[in-house]
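Listed below are the residues making up each chain.
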Amino acid sequence: MAFRKNPPNLPIRNNARNGGYRASVIALLLLSVLAPLLILTNRTSNFLSSGLSSDQSSVSLRIEEIRRRSALEGIEALFPKEDAKIVPESGVKNKLENEGWNREKTGISEEVAKSASTWKRDADIENSDALVRLMRDQLITARVYANIAQSQGHYDLVHDLKLRIKEHSGTVGDANLDAQLPSGAEDKMKLMSELLVEAREKHYDNALMVKKLRAMLQSTEDNARILKKQSTFLSQLAAKTVPKGLHCFSMRLAVEYHMLPPAKKTFQRTGRLEDPNLYHFALFSDNILAVAVVVNSTIQNAKEPEKHVFHIVTDKLNFGAMMMWFLANPPGAAVIQVQNVDDFKWLNASYSPVLKQLKSTSMKDYYFKADQTNLLAAGTSNLKYRNPKYLSMLNHLRFYLPEVFPKLNKILFLDDDIVVQRDLTPLWHTDLNGNVNGAVETCGASFHRFDKYLNFSNPLISTNFHPNACGWAYGMNVFDLKEWKKLDITGIYHRWQSLNEHRSLWKLGTLPPGLITFYNLTQPLEKSWHVLGLGYNPAVEESEIEAAAVIHWNGNMKPWLEIGMAKYKPYWTKFVNYNHPYLQQCNVIN
């Protein structure tokens, strides 16, 4: 059946006779719809607050906004603005003329124009997304009417509604602003309004309308729950993967390294590696490109690059590639050392509790047990802790700095997902006041405190630590290795790591044991030294980033991954030479 271009003349309702009845019906419907909406809102808040990690907060907040908006759209569609107040016919005519709804131009009959005012844009409050929101409102109401018309046997109306819904959906698409809509969108909106007027005049049972809207609200809540689980799972999965280009890049470097003659496999100026008068940096990573960015950004912003020494520790698989990159691309006058963690013979299961635990059957089952395939069904609250990076000793080597660098007195530890924007040498002259660790604190009024990382239901934790103690960040830390040895920091770490064999004190990772190990031994640094959140928080202020000495992509959205936030990537990519032959051959592009 064709669209109804010229809907039949509709009788003018007696407002005086129906006014009391309509007001009563509207009051009842408001009660019926708002009650489940309030319950839904409460459930939504509880749902989002439980298990929502900071690195997924932006995605979950977006889902919550979609859920609330869908509920409000359903209510707005159910209660047209014209029904909220009975206006005389002459008043309607004047109002329509004042608001720019010229019926001669739209071709809508007088009766239809009165009802179509439901779908007008408010001329007094013109928003850049007014038409987009209005058309989405129409889609929601059209789907409700189509469902009811189907059950009532009004198949011609169902056919017309479905065609309009399909056309409307294609027009709106993913548009967020009116400017993104194709030409003719407003005409389609007016045609849809005609059809909705006809559907509304069928006088469908209001209770049935409420029932359908409730079903839509429940469906939206269920879909939001599924989407949250899926987004959490996929973001964690993406964070674990190595892009094809970076894998190719590493393999090509490794091949080149093993083709070098032994005489060319050594760095220059190795005699300065243990000079305590120089500025020493430690980086533990298997990501060659990320380490290259850290080194490049540090050197480019250093006032005395010739006094900088970079100690890089990687694993056996990436040792050759890491060596080859810095042999072919030496960082100017700075000194480079690359070591293989597997060459540290002192680091074994009899000495290190965490290494013993990582090799245990229970830990392997935790990561690789076959019956964990349906993680979405089981929930994803602990999925982030199943990242294989926690199985790497590179992640735990930060607790063995005096063993790795026995002749150094102070060292600056850097993560591989940071960019340096300022000279860092003043940190070596910072007074740590007898503390071992200098770090930027991350706590606010109620977040990033000890109770967010540690299990205070365990008496070992509750009797030794304060739940409101302020957390701090790894990523840029200055360590006094003299005080470290004096206080036996590694021994403290070993004792607590042994007590956490069954993960009853904290989940996996290095920050919780770091908070414990350096409890009351951490000197707070000024916050501009280290700005975090670029890997999960889209709301980090540009002024804060520009003023920071170090910016940190902590979270899943690393700048070398496709899921990285585009607004922050230029801070990282400007230190990558995308014209390098290996990067071009492996299709690593900006």
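Under an unreviewed UniProt entry, the name given to the chain is Hexosyltransferase, and the source organism is Physcomitrium patens. Quoted straight from UniProt, the Subcellular location (unreviewed entry) entry for the chain says "Golgi apparatus membrane". In the Pathway (unreviewed entry) part of its UniProt record, the chain is described as follows: "Glycan metabolism; pectin biosynthesis."

Participant: Could you give an account of the overall build of the chain, naming the residues involved and the relevant values?
Facilitator: In terms of regular secondary structure, the chain is built from 24 helices and 10 strands. Out of the 590 residues belonging to the chain, those deemed buried represent 49%. Sequence separation of at least 24 residues holds for 77% of the intrachain contacts in the chain that already meet a minimum separation of 6. Working note: accessible area of the chain is about 29,000 Å², and carbon and sulfur atoms make up 52% of it.

Participant: Tell me about the environment of His308, residues and numbers included.
Facilitator: Relative to the elements of secondary structure, His308 occurs in strand β2 (residues 308-314). Take His308: its relative accessible area is 1%, and that puts it in the buried class. When the C-alpha atoms of His308 and Pro331 are compared, they prove to be 9.8 Å apart, with 23 residues separating the residues in sequence. Filtering out sequence-adjacent residues up to four positions away, His308 remains in contact with Tyr279, Phe281, Thr298, Ile299, Ala302, Ala334, Val335, Asp423 and Thr425.

Participant: Got a sec to walk through the state of the cysteines? Specific residues and values, please.
Facilitator: Under the definition given, this model contains two disulfides. There is a disulfide in this structure between Cys443 and Cys470, and the S-S distance comes to 1.7 Å. The S-S bond linking Cys443 to Cys470 shows a torsion near -100°; that makes this disulfide left-handed. Taken as a pair, Cys443 in the loop between β6 (437-439) and α18 (459-462) and Cys470 in the loop between α18 and β7 (476-480) lie far apart in primary sequence, 27 residues in all. For Cys470, a relative accessible area of 19% corresponds to the buried category. When the bonded cysteines of the chain are numbered from the N-terminus onward, they pair as 1-4, 2-3.

Participant: Kindly report on the side chain of Asp417, identifying the contributing residues and their values.
Facilitator: Here Asp417 shows up in the loop between β4 (410-414) and β5 (418-420). Among the polar contacts made by the side chain of Asp417, one reaches the side chain of Lys558 at a distance of 2.5 Å. For Asp417, the contacting residues outside a window of four places in its chain are Ile551, His552, Trp553, Asn554, Lys558 and Trp560.

Participant: A description of the packing of helix α7 (residues 155-172) against helix α8 (residues 185-200) should follow, citing residues and the corresponding values.
Facilitator: α8 packs onto α7 with a crossing angle of 155° between their chain directions and a minimal axis gap of 11 Å. The angle between α7 and α8 falls in the class roughly antiparallel. Our pair here, α7 against α8, has a crossing hand that is left-handed. On α8, the residues that touch Leu157, Asp160, Leu161, Arg164, Ile165, Glu167, His168 and Thr171 of α7 are Ala185, Lys188, Met189, Leu191, Met192, Leu195, Leu196 and Ala199.

Participant: Explain the sheet that holds strand β1 (residues 279-284) to me, using residue names and the numbers behind them.
Facilitator: Strand order in the open sheet formed by seven strands is β3-β2-β1-β4-β7-β6-β8, with mixed pairing between adjacent strands. The strands lining the two open edges of the sheet, one partner per strand, are β3 (335-340) and β8 (522-524). Ignoring which end each strand starts from, the neighbouring axes of this sheet average 25° apart. Note: β1 against β2, six bridges, orientation parallel. Each bridged residue has a counterpart across the sheet, and for Phe281 the counterpart in β2 is Phe310. Sheet contacts for helix α11 (residues 288-300): β1, β2, β3 and β4; angle to β2, the most-contacted strand, approximately 170°. Along the sheet, helix α12 (residues 316-328) contacts β2 and β3; its crossing angle with β3, the most-contacted strand, is approximately 165°.

Participant: Can you break down the pattern of salt bridges residue by residue, with the values?
Facilitator: Pairs may arise between side chains of opposite charge once their charged atoms sit close together. This structure, assessed with the given rule, holds six salt bridges. Across the pair Asp222 and Arg225 runs a salt bridge, and its minimum N-O distance is 3.2 Å. Of this pair, Asp222 and Arg225 both sit in helix α9 (residues 206-240), three residues apart, roughly one helical turn. With a relative accessible area of 30%, Arg225 lands in the partly exposed category. For Asp417, the salt bridge is made with Lys558, and the minimal N-O distance between the two is 2.5 Å. Here Lys558 lies in the loop between β10 (550-552) and α23 (569-573) and Asp417 lies in the loop between β4 and β5, a separation of 141 residues in the sequence. The pair Asp417 / Lys558 is uniform in exposure class, with both members buried.

Participant: Can you tell me about α8, naming the residues and giving the values?
Facilitator: In this model α8 runs 22 Å from its N-terminal to its C-terminal C-alpha over 16 residues, within 8% of the 22 Å that 1.5 Å per residue would give. The element α8 is extensively covered by neighbouring structure, given that 12 of its 16 residues are classed as buried. Every buried residue of α8 is accounted for by Ala185, Met189, Lys190, Met192, Ser193, Glu194, Leu195, Leu196, Val197, Glu198, Ala199 and Arg200.

Participant: Describe the nonpolar core, and please don't skip the residues or the numbers.
Facilitator: Counting 66 residues, the largest nonpolar core has Phe249, Phe281, Phe326, Leu412, Leu424, Ile551 and Trp572 as the members making the most contacts within it. At nine residues, α11 tops the list of elements feeding residues into this core. Discounting chain neighbours no more than four positions away, the residues touching Trp572 are Leu289, Ala290, Val293, Val419, Trp553, Pro559, Trp560 and Tyr578. Core analysis: the next-biggest nonpolar cluster, separate from the first, contains 45 residues, Leu454, Ile461, Trp506 and Phe518 among them.

Definitions and cut-offs
Residues numbered from 1 in each chain as written. Predicted model: local features only at pLDDT ≥ 70, side-chain atom pairs only at ≥ 80, totals over all residues. Heavy atoms only, no water. UniProt positions renumbered as here; feature names shortened; annotations may be inferred. Helix = DSSP H or I, 4+ residues; strand = E, 2+ residues; numbered from the N terminus. Buried < 20%, exposed > 50% of the residue type's maximum accessible area, 1.4 Å probe, protein only. Contact = heavy atoms within 4.5 Å. Areas by Shrake-Rupley, 256 points an atom, 1.4 Å probe, with all protein chains shown as cover. Disulfide = S-S within 2.5 Å. Polar contact = N/O pair within 3.5 Å; in protein donor to acceptor, adjacent residues only side chain to side chain. Axes fitted to C-alpha atoms, helices over the stretch in contact; angles between N-to-C directions. Parallel < 35°, antiparallel > 145°, perpendicular 65-115°, else oblique. Left-handed = near helix turned anticlockwise from the far one by under 90°. Pairing = 2+ DSSP bridges. Salt bridge = Lys/Arg side-chain N within 4 Å of Asp/Glu carboxyl O. Expected span 1.5 Å × (residues − 1). Core = buried A, V, L, I, M, F, W, Y, C linked by side-chain atoms within 4.5 Å.

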